[in-house]
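Here's the letter readout for the chains.
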There are 2 protein chains.
Amino acid sequence: MADPTNRPRHVALAVVLQVRDGRLRVLLDGNCLPGGELRAGETLESCVRRHLGRREPAHVEQLETRSDPKRNPQTWELASAYLGLVPADETLPGDWSPVTRLPRLVHDHGAIVFAGRARLRAKLSYTNVGFALAPAEFTISELREIYVAALGHDVSATNLQRVLVRRGVLEPTGGQRESGRTGGRPAALFRFSSREIAITDQFAVLRPPA
Amino acid sequence: MADPTNRPRHVALAVVLQVRDGRLRVLLDGNCLPGGELRAGETLESCVRRHLGRREPAHVEQLETRSDPKRNPQTWELASAYLGLVPADETLPGDWSPVTRLPRLVHDHGAIVFAGRARLRAKLSYTNVGFALAPAEFTISELREIYVAALGHDVSATNLQRVLVRRGVLEPTGGQRESGRTGGRPAALFRFSSREIAITDQFAVLRPPA
DNA sequence: GCAAAAGTGTTGTGTCTACACCCATGT
DNA sequence: ACATGGGTGTAGACACAACACTTTTGC
(Lines give C-alpha, C1' and ligand atoms only; values in the text may rest on other atoms or scores of the structure.)
Protein backbone atom coordinates (compact mmCIF):
# COMPACT_ATOMS: atom_id res chain seq x y z
CA MET A 1 0.00 0.00 0.00
CA ALA A 2 1.12 3.49 -0.81
CA ASP A 3 2.12 5.83 1.93
CA PRO A 4 -0.95 8.10 2.24
CA THR A 5 1.23 11.10 3.00
CA ASN A 6 2.64 10.82 -0.51
CA ARG A 7 -0.50 11.44 -2.48
CA PRO A 8 -1.10 14.20 -5.02
CA ARG A 9 -3.29 17.18 -4.46
CA HIS A 10 -6.43 16.92 -6.56
CA VAL A 11 -8.28 20.00 -7.77
CA ALA A 12 -11.43 20.43 -9.82
CA LEU A 13 -11.41 23.32 -12.31
CA ALA A 14 -14.25 24.90 -14.23
CA VAL A 15 -14.22 26.32 -17.74
CA VAL A 16 -17.41 28.37 -17.53
CA LEU A 17 -18.34 29.83 -20.90
CA GLN A 18 -20.91 32.43 -21.81
CA VAL A 19 -21.61 34.51 -24.89
CA ARG A 20 -21.97 38.20 -24.15
CA ASP A 21 -21.50 41.26 -26.39
CA GLY A 22 -21.03 38.93 -29.32
CA ARG A 23 -18.01 37.23 -27.76
CA LEU A 24 -17.39 33.89 -26.16
CA ARG A 25 -16.13 34.57 -22.65
CA VAL A 26 -14.67 32.47 -19.87
CA LEU A 27 -14.98 33.09 -16.16
CA LEU A 28 -11.62 33.70 -14.47
CA ASP A 29 -10.45 34.12 -10.90
CA GLY A 30 -7.50 36.40 -11.53
CA ASN A 31 -5.21 34.37 -13.78
CA CYS A 32 -6.70 31.03 -12.74
CA LEU A 33 -9.75 29.03 -13.62
CA PRO A 34 -12.26 28.90 -10.77
CA GLY A 35 -12.05 25.74 -8.70
CA GLY A 36 -10.16 24.27 -5.84
CA GLU A 37 -9.16 21.21 -3.94
CA LEU A 38 -11.44 18.23 -3.65
CA ARG A 39 -12.84 17.68 -0.15
CA ALA A 40 -13.68 14.41 1.51
CA GLY A 41 -17.27 13.32 0.85
CA GLU A 42 -17.84 15.27 -2.35
CA THR A 43 -17.57 14.34 -6.02
CA LEU A 44 -15.49 16.33 -8.47
CA GLU A 45 -18.66 17.78 -9.92
CA SER A 46 -20.00 18.92 -6.57
CA CYS A 47 -16.59 20.43 -5.86
CA VAL A 48 -16.85 22.46 -9.05
CA ARG A 49 -20.38 23.56 -8.21
CA ARG A 50 -19.34 24.53 -4.69
CA HIS A 51 -16.66 26.84 -6.07
CA LEU A 52 -19.07 28.41 -8.55
CA GLY A 53 -21.68 29.10 -5.89
CA ARG A 54 -24.51 31.20 -7.25
CA ARG A 55 -22.96 31.31 -10.72
CA GLU A 56 -24.72 28.10 -11.60
CA PRO A 57 -24.28 26.90 -15.19
CA ALA A 58 -27.21 25.52 -17.19
CA HIS A 59 -25.04 22.58 -18.19
CA VAL A 60 -21.96 20.96 -16.64
CA GLU A 61 -19.89 18.07 -17.99
CA GLN A 62 -16.49 16.57 -17.35
CA LEU A 63 -13.72 17.50 -19.76
CA GLU A 64 -10.47 15.77 -18.89
CA THR A 65 -8.05 15.07 -16.07
CA ARG A 66 -4.56 16.48 -16.36
CA SER A 67 -1.80 14.61 -14.58
CA ASP A 68 1.57 15.86 -15.80
CA PRO A 69 3.60 15.73 -12.56
CA LYS A 70 5.18 19.08 -13.46
CA ARG A 71 1.99 20.88 -14.47
CA ASN A 72 2.10 22.71 -11.19
CA PRO A 73 5.80 23.38 -10.53
CA GLN A 74 5.16 23.91 -6.81
CA THR A 75 3.57 20.60 -6.00
CA TRP A 76 2.26 17.32 -7.32
CA GLU A 77 -1.29 18.21 -8.37
CA LEU A 78 -3.85 16.57 -10.61
CA ALA A 79 -6.63 18.68 -12.11
CA SER A 80 -9.99 17.47 -13.36
CA ALA A 81 -11.55 20.03 -15.65
CA TYR A 82 -15.25 20.60 -16.18
CA LEU A 83 -17.09 22.54 -18.84
CA GLY A 84 -19.94 24.80 -17.68
CA LEU A 85 -22.27 26.83 -19.89
CA VAL A 86 -24.25 29.90 -18.86
CA PRO A 87 -27.16 31.45 -20.82
CA ALA A 88 -26.38 34.70 -22.60
CA ASP A 89 -28.99 36.71 -20.69
CA GLU A 90 -27.67 35.98 -17.20
CA THR A 91 -25.42 38.60 -15.70
CA LEU A 92 -23.20 36.92 -13.19
CA PRO A 93 -20.50 38.56 -11.10
CA GLY A 94 -16.87 37.89 -11.89
CA ASP A 95 -14.19 38.47 -14.44
CA TRP A 96 -15.35 37.32 -17.88
CA SER A 97 -12.47 37.34 -20.33
CA PRO A 98 -12.94 36.87 -24.08
CA VAL A 99 -11.51 33.46 -24.94
CA THR A 100 -9.65 35.02 -27.86
CA ARG A 101 -7.95 37.53 -25.54
CA LEU A 102 -6.98 35.44 -22.58
CA PRO A 103 -4.45 36.85 -20.16
CA ARG A 104 -1.52 34.60 -19.33
CA LEU A 105 -2.99 31.89 -17.11
CA VAL A 106 -1.32 29.80 -14.49
CA HIS A 107 -0.03 26.27 -15.27
CA ASP A 108 -2.02 24.56 -18.04
CA HIS A 109 -5.21 26.56 -17.46
CA GLY A 110 -4.95 28.21 -20.85
CA ALA A 111 -4.86 24.84 -22.61
CA ILE A 112 -7.83 23.71 -20.54
CA VAL A 113 -9.86 26.73 -21.71
CA PHE A 114 -9.18 25.79 -25.32
CA ALA A 115 -10.15 22.18 -24.65
CA GLY A 116 -13.44 23.47 -23.25
CA ARG A 117 -14.06 25.64 -26.29
CA ALA A 118 -13.27 22.73 -28.62
CA ARG A 119 -15.74 20.51 -26.76
CA LEU A 120 -18.43 23.20 -26.97
CA ARG A 121 -17.85 23.74 -30.68
CA ALA A 122 -18.13 20.04 -31.44
CA LYS A 123 -21.24 19.57 -29.32
CA LEU A 124 -23.03 22.59 -30.78
CA SER A 125 -23.05 20.68 -34.05
CA TYR A 126 -24.39 17.32 -33.02
CA THR A 127 -26.29 17.92 -29.76
CA ASN A 128 -28.80 20.40 -28.41
CA VAL A 129 -26.30 22.04 -25.98
CA GLY A 130 -27.26 25.38 -27.45
CA PHE A 131 -30.00 25.47 -24.81
CA ALA A 132 -27.34 26.13 -22.19
CA LEU A 133 -26.03 29.24 -23.96
CA ALA A 134 -29.39 30.67 -25.06
CA PRO A 135 -32.07 32.50 -23.06
CA ALA A 136 -35.39 30.76 -22.47
CA GLU A 137 -36.89 32.51 -25.52
CA PHE A 138 -35.08 34.07 -28.44
CA THR A 139 -35.36 34.98 -32.09
CA ILE A 140 -33.40 33.10 -34.72
CA SER A 141 -31.06 36.02 -35.27
CA GLU A 142 -30.31 36.22 -31.55
CA LEU A 143 -29.53 32.52 -31.55
CA ARG A 144 -27.42 33.01 -34.63
CA GLU A 145 -25.26 35.60 -32.84
CA ILE A 146 -24.65 33.13 -30.03
CA TYR A 147 -23.61 30.41 -32.45
CA VAL A 148 -21.37 32.77 -34.38
CA ALA A 149 -19.57 33.84 -31.22
CA ALA A 150 -19.18 30.28 -29.94
CA LEU A 151 -18.20 28.66 -33.25
CA GLY A 152 -15.98 31.49 -34.44
CA HIS A 153 -17.33 31.52 -37.96
CA ASP A 154 -20.34 32.81 -39.80
CA VAL A 155 -23.61 30.89 -39.56
CA SER A 156 -26.58 31.36 -41.85
CA ALA A 157 -29.76 32.20 -39.96
CA THR A 158 -31.82 30.51 -42.67
CA ASN A 159 -30.05 27.20 -42.35
CA LEU A 160 -29.60 27.38 -38.59
CA GLN A 161 -33.37 27.60 -38.22
CA ARG A 162 -34.06 24.79 -40.64
CA VAL A 163 -31.52 22.40 -39.22
CA LEU A 164 -32.61 22.91 -35.64
CA VAL A 165 -36.34 22.85 -36.37
CA ARG A 166 -36.04 19.77 -38.60
CA ARG A 167 -34.26 17.96 -35.80
CA GLY A 168 -36.91 18.96 -33.31
CA VAL A 169 -34.37 20.89 -31.23
CA LEU A 170 -36.19 24.21 -31.56
CA GLU A 171 -39.89 24.90 -31.42
CA PRO A 172 -41.80 28.18 -31.93
CA THR A 173 -43.31 29.61 -28.77
CA GLY A 174 -46.01 31.36 -30.79
CA GLY A 175 -44.81 34.72 -29.55
CA GLN A 176 -43.25 37.51 -31.57
CA ARG A 177 -40.64 40.18 -30.94
CA GLU A 178 -41.69 43.77 -31.77
CA SER A 179 -39.99 45.41 -34.71
CA GLY A 180 -37.17 47.80 -33.94
CA ARG A 181 -37.30 51.54 -34.62
CA THR A 182 -35.95 50.94 -38.09
CA GLY A 183 -38.76 48.61 -39.12
CA GLY A 184 -38.59 45.10 -40.40
CA ARG A 185 -40.81 42.13 -39.99
CA PRO A 186 -41.30 41.11 -36.36
CA ALA A 187 -39.31 38.00 -35.51
CA ALA A 188 -40.95 34.85 -34.22
CA LEU A 189 -39.80 33.56 -30.84
CA PHE A 190 -38.39 30.08 -30.33
CA ARG A 191 -37.38 27.91 -27.43
CA PHE A 192 -35.34 24.73 -27.10
CA SER A 193 -37.73 21.77 -26.88
CA SER A 194 -35.62 20.17 -24.18
CA ARG A 195 -33.19 21.55 -21.65
CA GLU A 196 -31.56 18.16 -21.13
CA ILE A 197 -28.56 17.46 -23.30
CA ALA A 198 -29.18 14.94 -26.08
CA ILE A 199 -27.47 13.85 -29.26
CA THR A 200 -29.57 15.17 -32.10
CA ASP A 201 -27.41 14.37 -35.10
CA GLN A 202 -27.02 10.63 -35.40
CA PHE A 203 -23.78 10.96 -37.33
CA ALA A 204 -23.05 7.25 -36.95
CA VAL A 205 -22.40 6.28 -40.49
CA LEU A 206 -22.28 2.58 -39.82
CA ARG A 207 -25.84 2.40 -38.69
CA PRO A 208 -27.64 -0.75 -37.66
CA PRO A 209 -29.70 -2.07 -40.58
CA ALA A 210 -33.34 -0.95 -40.65
CA MET B 1 -4.04 24.26 2.79
CA ALA B 2 -5.43 20.80 3.04
CA ASP B 3 -3.86 18.30 5.34
CA PRO B 4 -1.89 16.08 2.96
CA THR B 5 -2.67 13.02 5.04
CA ASN B 6 -6.30 13.50 4.07
CA ARG B 7 -6.04 13.02 0.34
CA PRO B 8 -7.77 10.41 -1.75
CA ARG B 9 -6.08 7.46 -3.32
CA HIS B 10 -5.90 7.87 -7.08
CA VAL B 11 -5.82 4.90 -9.42
CA ALA B 12 -5.61 4.64 -13.18
CA LEU B 13 -7.68 1.87 -14.78
CA ALA B 14 -7.56 0.44 -18.28
CA VAL B 15 -10.44 -0.80 -20.40
CA VAL B 16 -8.41 -2.78 -22.93
CA LEU B 17 -10.59 -4.08 -25.76
CA GLN B 18 -9.84 -6.59 -28.48
CA VAL B 19 -11.94 -8.52 -30.97
CA ARG B 20 -11.21 -12.23 -30.98
CA ASP B 21 -13.35 -15.20 -32.06
CA GLY B 22 -15.93 -12.74 -33.32
CA ARG B 23 -16.44 -11.19 -29.89
CA LEU B 24 -15.47 -7.94 -28.28
CA ARG B 25 -13.39 -8.81 -25.23
CA VAL B 26 -12.00 -6.86 -22.30
CA LEU B 27 -8.84 -7.62 -20.38
CA LEU B 28 -9.50 -8.39 -16.70
CA ASP B 29 -7.32 -8.99 -13.67
CA GLY B 30 -9.64 -11.31 -11.76
CA ASN B 31 -12.76 -9.25 -11.17
CA CYS B 32 -10.98 -5.92 -11.61
CA LEU B 33 -9.85 -3.83 -14.49
CA PRO B 34 -6.07 -3.75 -14.79
CA GLY B 35 -4.46 -0.67 -13.26
CA GLY B 36 -3.25 0.61 -9.97
CA GLU B 37 -2.27 3.55 -7.90
CA LEU B 38 -0.61 6.56 -9.43
CA ARG B 39 3.03 7.00 -8.44
CA ALA B 40 4.95 10.21 -7.98
CA GLY B 41 6.59 11.38 -11.20
CA GLU B 42 4.30 9.61 -13.65
CA THR B 43 1.23 10.70 -15.58
CA LEU B 44 -2.03 8.76 -15.46
CA GLU B 45 -1.32 7.47 -18.94
CA SER B 46 2.14 6.21 -18.05
CA CYS B 47 0.64 4.58 -14.96
CA VAL B 48 -1.81 2.71 -17.17
CA ARG B 49 0.96 1.65 -19.56
CA ARG B 50 3.13 0.52 -16.67
CA HIS B 51 0.40 -1.81 -15.46
CA LEU B 52 -0.21 -3.18 -18.93
CA GLY B 53 3.46 -3.93 -19.48
CA ARG B 54 4.04 -5.89 -22.65
CA ARG B 55 0.32 -5.89 -23.49
CA GLU B 56 0.73 -2.59 -25.27
CA PRO B 57 -2.41 -1.24 -27.00
CA ALA B 58 -2.24 0.29 -30.47
CA HIS B 59 -4.28 3.21 -29.19
CA VAL B 60 -4.84 4.69 -25.74
CA GLU B 61 -7.09 7.57 -24.75
CA GLN B 62 -8.56 8.96 -21.56
CA LEU B 63 -12.17 8.07 -20.80
CA GLU B 64 -13.35 9.68 -17.60
CA THR B 65 -12.54 10.21 -13.95
CA ARG B 66 -14.89 8.75 -11.38
CA SER B 67 -15.06 10.45 -8.04
CA ASP B 68 -18.06 9.17 -6.11
CA PRO B 69 -16.68 9.13 -2.55
CA LYS B 70 -18.40 5.79 -1.97
CA ARG B 71 -17.37 4.09 -5.22
CA ASN B 72 -14.84 2.10 -3.24
CA PRO B 73 -16.52 1.32 0.09
CA GLN B 74 -13.18 0.65 1.78
CA THR B 75 -11.49 3.95 1.12
CA TRP B 76 -11.70 7.30 -0.58
CA GLU B 77 -10.44 6.55 -4.07
CA LEU B 78 -10.69 8.34 -7.40
CA ALA B 79 -10.28 6.38 -10.61
CA SER B 80 -9.24 7.72 -13.99
CA ALA B 81 -10.22 5.30 -16.72
CA TYR B 82 -8.44 4.86 -20.05
CA LEU B 83 -9.53 3.08 -23.20
CA GLY B 84 -6.94 0.85 -24.89
CA LEU B 85 -7.38 -1.02 -28.17
CA VAL B 86 -5.44 -4.09 -29.29
CA PRO B 87 -5.32 -5.48 -32.87
CA ALA B 88 -7.25 -8.69 -33.45
CA ASP B 89 -4.21 -10.69 -34.51
CA GLU B 90 -2.18 -10.15 -31.35
CA THR B 91 -2.37 -12.89 -28.75
CA LEU B 92 -1.63 -11.37 -25.41
CA PRO B 93 -1.60 -13.15 -22.09
CA GLY B 94 -4.37 -12.53 -19.59
CA ASP B 95 -8.02 -13.09 -18.96
CA TRP B 96 -10.07 -11.75 -21.90
CA SER B 97 -13.77 -11.76 -21.03
CA PRO B 98 -16.49 -11.12 -23.61
CA VAL B 99 -17.98 -7.72 -22.84
CA THR B 100 -21.46 -9.20 -23.15
CA ARG B 101 -20.67 -11.84 -20.51
CA LEU B 102 -18.82 -9.89 -17.87
CA PRO B 103 -18.39 -11.46 -14.47
CA ARG B 104 -19.42 -9.32 -11.52
CA LEU B 105 -16.71 -6.69 -11.27
CA VAL B 106 -15.56 -4.75 -8.27
CA HIS B 107 -16.88 -1.22 -7.54
CA ASP B 108 -17.88 0.64 -10.72
CA HIS B 109 -15.55 -1.30 -13.01
CA GLY B 110 -18.47 -2.80 -14.91
CA ALA B 111 -19.88 0.63 -15.72
CA ILE B 112 -16.42 1.75 -16.82
CA VAL B 113 -16.23 -1.16 -19.28
CA PHE B 114 -19.52 -0.09 -20.83
CA ALA B 115 -18.31 3.50 -21.04
CA GLY B 116 -15.27 2.24 -22.92
CA ARG B 117 -17.37 0.22 -25.31
CA ALA B 118 -19.65 3.21 -25.92
CA ARG B 119 -16.66 5.40 -26.72
CA LEU B 120 -15.29 2.81 -29.12
CA ARG B 121 -18.63 2.41 -30.89
CA ALA B 122 -18.99 6.14 -31.39
CA LYS B 123 -15.44 6.61 -32.62
CA LEU B 124 -15.61 3.70 -35.06
CA SER B 125 -18.20 5.74 -36.93
CA TYR B 126 -16.49 9.08 -37.24
CA THR B 127 -12.75 8.39 -36.88
CA ASN B 128 -10.22 5.91 -38.21
CA VAL B 129 -9.78 4.10 -34.83
CA GLY B 130 -10.47 0.86 -36.62
CA PHE B 131 -6.71 0.72 -37.25
CA ALA B 132 -6.19 -0.11 -33.59
CA LEU B 133 -8.46 -3.16 -33.73
CA ALA B 134 -7.37 -4.46 -37.15
CA PRO B 135 -4.20 -6.30 -38.19
CA ALA B 136 -1.71 -4.49 -40.44
CA GLU B 137 -3.31 -6.07 -43.53
CA PHE B 138 -6.78 -7.54 -43.87
CA THR B 139 -9.58 -8.28 -46.29
CA ILE B 140 -12.82 -6.36 -46.21
CA SER B 141 -14.70 -9.32 -44.76
CA GLU B 142 -12.15 -9.70 -41.98
CA LEU B 143 -12.57 -6.03 -41.19
CA ARG B 144 -16.31 -6.44 -41.34
CA GLU B 145 -16.19 -9.16 -38.66
CA ILE B 146 -14.25 -6.82 -36.40
CA TYR B 147 -16.75 -4.04 -36.89
CA VAL B 148 -19.68 -6.37 -36.32
CA ALA B 149 -18.22 -7.61 -33.04
CA ALA B 150 -17.35 -4.12 -31.83
CA LEU B 151 -20.57 -2.40 -32.92
CA GLY B 152 -22.88 -5.24 -31.95
CA HIS B 153 -24.95 -5.08 -35.12
CA ASP B 154 -24.66 -6.21 -38.70
CA VAL B 155 -22.48 -4.22 -41.10
CA SER B 156 -22.59 -4.52 -44.87
CA ALA B 157 -19.18 -5.37 -46.36
CA THR B 158 -20.10 -3.50 -49.54
CA ASN B 159 -20.86 -0.26 -47.80
CA LEU B 160 -18.10 -0.61 -45.22
CA GLN B 161 -15.56 -0.72 -48.01
CA ARG B 162 -17.07 2.18 -49.88
CA VAL B 163 -17.40 4.43 -46.89
CA LEU B 164 -13.86 3.82 -45.67
CA VAL B 165 -12.25 4.03 -49.09
CA ARG B 166 -14.17 7.17 -50.04
CA ARG B 167 -12.95 8.80 -46.88
CA GLY B 168 -9.37 7.78 -47.58
CA VAL B 169 -9.22 5.71 -44.39
CA LEU B 170 -8.46 2.44 -46.19
CA GLU B 171 -6.15 1.83 -49.12
CA PRO B 172 -5.49 -1.36 -51.09
CA THR B 173 -2.06 -2.88 -50.50
CA GLY B 174 -2.13 -4.46 -53.95
CA GLY B 175 -1.91 -7.94 -52.39
CA GLN B 176 -4.54 -10.65 -52.45
CA ARG B 177 -5.62 -13.41 -50.11
CA GLU B 178 -5.79 -16.91 -51.62
CA SER B 179 -9.22 -18.44 -52.03
CA GLY B 180 -10.31 -20.93 -49.43
CA ARG B 181 -10.88 -24.63 -50.13
CA THR B 182 -14.45 -23.93 -50.99
CA GLY B 183 -13.61 -21.49 -53.77
CA GLY B 184 -14.65 -17.93 -54.21
CA ARG B 185 -12.91 -14.97 -55.65
CA PRO B 186 -9.66 -14.11 -53.87
CA ALA B 187 -10.03 -11.06 -51.64
CA ALA B 188 -7.95 -7.94 -52.05
CA LEU B 189 -5.90 -6.83 -49.05
CA PHE B 190 -6.27 -3.41 -47.49
CA ARG B 191 -4.48 -1.39 -44.86
CA PHE B 192 -5.39 1.71 -42.88
CA SER B 193 -3.76 4.74 -44.55
CA SER B 194 -2.79 6.17 -41.18
CA ARG B 195 -2.21 4.62 -37.78
CA GLU B 196 -2.69 7.92 -35.99
CA ILE B 197 -6.21 8.64 -34.84
CA ALA B 198 -8.01 11.28 -36.87
CA ILE B 199 -11.59 12.47 -37.33
CA THR B 200 -12.65 11.34 -40.78
CA ASP B 201 -16.33 12.23 -40.76
CA GLN B 202 -16.70 15.97 -40.44
CA PHE B 203 -20.17 15.67 -39.01
CA ALA B 204 -20.19 19.32 -38.03
CA VAL B 205 -23.43 20.43 -39.52
CA LEU B 206 -22.92 24.11 -38.94
CA ARG B 207 -19.88 24.33 -41.15
CA PRO B 208 -17.92 27.45 -41.86
CA PRO B 209 -19.03 28.93 -45.20
CA ALA B 210 -16.99 27.82 -48.22
C1' DG C 1 -21.34 -26.12 -65.09
C1' DC C 2 -22.24 -24.88 -60.31
C1' DA C 3 -21.52 -23.08 -55.74
C1' DA C 4 -19.03 -19.78 -53.06
C1' DA C 5 -16.98 -15.52 -52.01
C1' DA C 6 -15.68 -10.85 -53.48
C1' DG C 7 -16.49 -6.74 -55.66
C1' DT C 8 -19.07 -3.09 -58.80
C1' DG C 9 -23.14 -0.53 -60.78
C1' DT C 10 -27.07 1.80 -59.93
C1' DT C 11 -31.04 3.76 -57.86
C1' DG C 12 -33.28 6.01 -54.30
C1' DT C 13 -33.39 8.76 -50.01
C1' DG C 14 -32.34 12.10 -46.65
C1' DT C 15 -29.79 16.10 -45.20
C1' DC C 16 -27.44 19.80 -45.92
C1' DT C 17 -25.85 24.61 -48.53
C1' DA C 18 -26.79 28.41 -51.31
C1' DC C 19 -29.52 31.71 -53.17
C1' DA C 20 -33.59 33.68 -54.99
C1' DC C 21 -37.72 35.31 -53.60
C1' DC C 22 -41.67 36.77 -50.61
C1' DC C 23 -43.59 38.92 -46.07
C1' DA C 24 -44.39 42.34 -42.40
C1' DT C 25 -43.12 46.25 -40.25
C1' DG C 26 -41.46 51.63 -39.56
C1' DT C 27 -40.74 56.05 -41.69
C1' DA D 1 -42.99 54.10 -51.70
C1' DC D 2 -39.01 52.23 -49.85
C1' DA D 3 -35.72 50.56 -46.55
C1' DT D 4 -35.05 47.01 -43.12
C1' DG D 5 -35.08 42.76 -41.12
C1' DG D 6 -37.53 38.07 -41.05
C1' DG D 7 -38.92 33.99 -43.31
C1' DT D 8 -39.93 30.46 -47.24
C1' DG D 9 -39.23 27.96 -51.77
C1' DT D 10 -36.40 25.52 -54.40
C1' DA D 11 -32.51 23.54 -56.77
C1' DG D 12 -28.14 21.31 -56.43
C1' DA D 13 -24.47 18.64 -54.02
C1' DC D 14 -23.26 14.92 -51.37
C1' DA D 15 -23.08 10.75 -48.67
C1' DC D 16 -25.13 6.93 -47.62
C1' DA D 17 -28.26 2.24 -47.75
C1' DA D 18 -29.98 -1.31 -50.36
C1' DC D 19 -29.87 -4.50 -53.75
C1' DA D 20 -29.04 -6.35 -58.29
C1' DC D 21 -25.45 -7.85 -60.91
C1' DT D 22 -20.72 -9.27 -62.36
C1' DT D 23 -16.14 -11.31 -61.44
C1' DT D 24 -12.99 -14.89 -59.90
C1' DT D 25 -12.03 -18.78 -57.75
C1' DG D 26 -12.59 -24.33 -56.25
C1' DC D 27 -14.77 -28.54 -57.25
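Our structure is the block above this text.
None of these values were measured; they are calculated from a predicted model. (Residues numbered from 1 in each chain as written. Chains lettered and ligands numbered in written order. Predicted model: local features only at pLDDT ≥ 70, side-chain atom pairs only at ≥ 80, totals over all residues. Heavy atoms only, no water.)

(A) Structural view of the protein's contact with DNA strand D. Near DNA strand D, the surroundings consist of 27 residues, among which Arg162, Arg185 and Ala188 of chain A together with Arg166 and Arg181 of chain B are the closest. A breakdown of the atoms of DNA strand D within 4 Å of the protein gives sugar and phosphate a share of 67%. At 2.4 Å from a sugar or linking oxygen of DNA strand D is found a main-chain nitrogen or oxygen belonging to Arg181 of chain B. Take Gly184 of chain B: an N or O atom from its main chain is 2.7 Å from a base oxygen of DNA strand D. Counting residues per element, the ones that place at least two in the surface near DNA strand D are helix H4 (157-166) of chain A together with helix H4 (157-166) of chain B. The dominant element in the surface near DNA strand D, judged by the number of residues it contributes, is H4 of chain B, at five residues. Residues that form the surface near DNA strand D fall into these classes: seven nonpolar, 12 polar and eight charged. (Near = heavy atom within 4 Å. Polar contact = N/O pair within 3.5 Å; in protein donor to acceptor, adjacent residues only side chain to side chain. Helix = DSSP H or I, 4+ residues; strand = E, 2+ residues; numbered from the N terminus. Nonpolar A, V, L, I, M, F, W, Y, C, P; charged D, E, K, R; others polar.)

(B) Inspection of helix H3 (residues 140-151) of chain B at higher detail. Residue and element names in this part refer to chain B. Taking 1.5 Å of rise per residue, 12 residues should cover 16 Å, and H3 covers 16 Å from first to last C-alpha, within 8% of that figure. Residues of H3 that are buried: Ile140, Leu143, Ile146, Tyr147, Ala149, Ala150 and Leu151. Elements that come into contact with the buried residues of H3 comprise strand S1 (9-20), strand S2 (23-28), helix H2 (109-126), H4, strand S7 (170-176) and strand S8 (188-192). Looking one or two residues beyond H3, the residue adopting positive phi is Gly152, at roughly 80°. (Expected span 1.5 Å × (residues − 1). Buried < 20%, exposed > 50% of the residue type's maximum accessible area, 1.4 Å probe, protein only. Contact = heavy atoms within 4.5 Å.)

(C) Representation of the packing of aromatic side chains. All names here are of chain B. The full count for this structure, using the stated rule, is two aromatic pairs over all chains. For the ring pair Phe138 and Phe192, a centre distance of 5.5 Å and an interplane angle of 50° mean the geometry is tilted. Linking Phe138 in the loop between H2 and H3 with Phe192 in strand S8, this pair joins segments that are 54 residues apart in sequence. (Phe/Tyr/Trp six-rings, centres within 6.5 Å; stacked < 30°, edge-to-face > 60°.)

(D) Structural detail: the packing of H3 of chain B against H4 of chain B. Residue and element names in this part refer to chain B. It is the contact of H3 with H4, at a shortest axis distance of 10 Å, that shows an interaxial angle of 100°. By the angle between their axes, H3 is roughly perpendicular relative to H4. Across the interface between the two elements, Ile140, Leu143, Arg144 and Tyr147 of H3 pack against Ala157, Leu160, Gln161 and Leu164 of H4. In terms of residue class, the contact of H3 with H4 is made up of six nonpolar, one polar and one charged. (Axes fitted to C-alpha atoms, helices over the stretch in contact; angles between N-to-C directions. Parallel < 35°, antiparallel > 145°, perpendicular 65-115°, else oblique.)

(E) Seen up close, the pattern of salt bridges. Counted according to the given criterion, the structure contains 30 salt bridges over all chains. Residues Glu42 of chain B and Arg50 of chain B are paired through a salt bridge, measuring 2.8 Å at the closest nitrogen-oxygen approach. Given the relative accessible area of 31%, Arg50 of chain B is considered partly exposed. Shared partners join several salt bridges into a network, and the residues in it are Arg7 of chain A together with Arg9, Glu37, Glu64, Arg66, Arg71, Glu77 and Asp108 of chain B. (Salt bridge = Lys/Arg side-chain N within 4 Å of Asp/Glu carboxyl O.)

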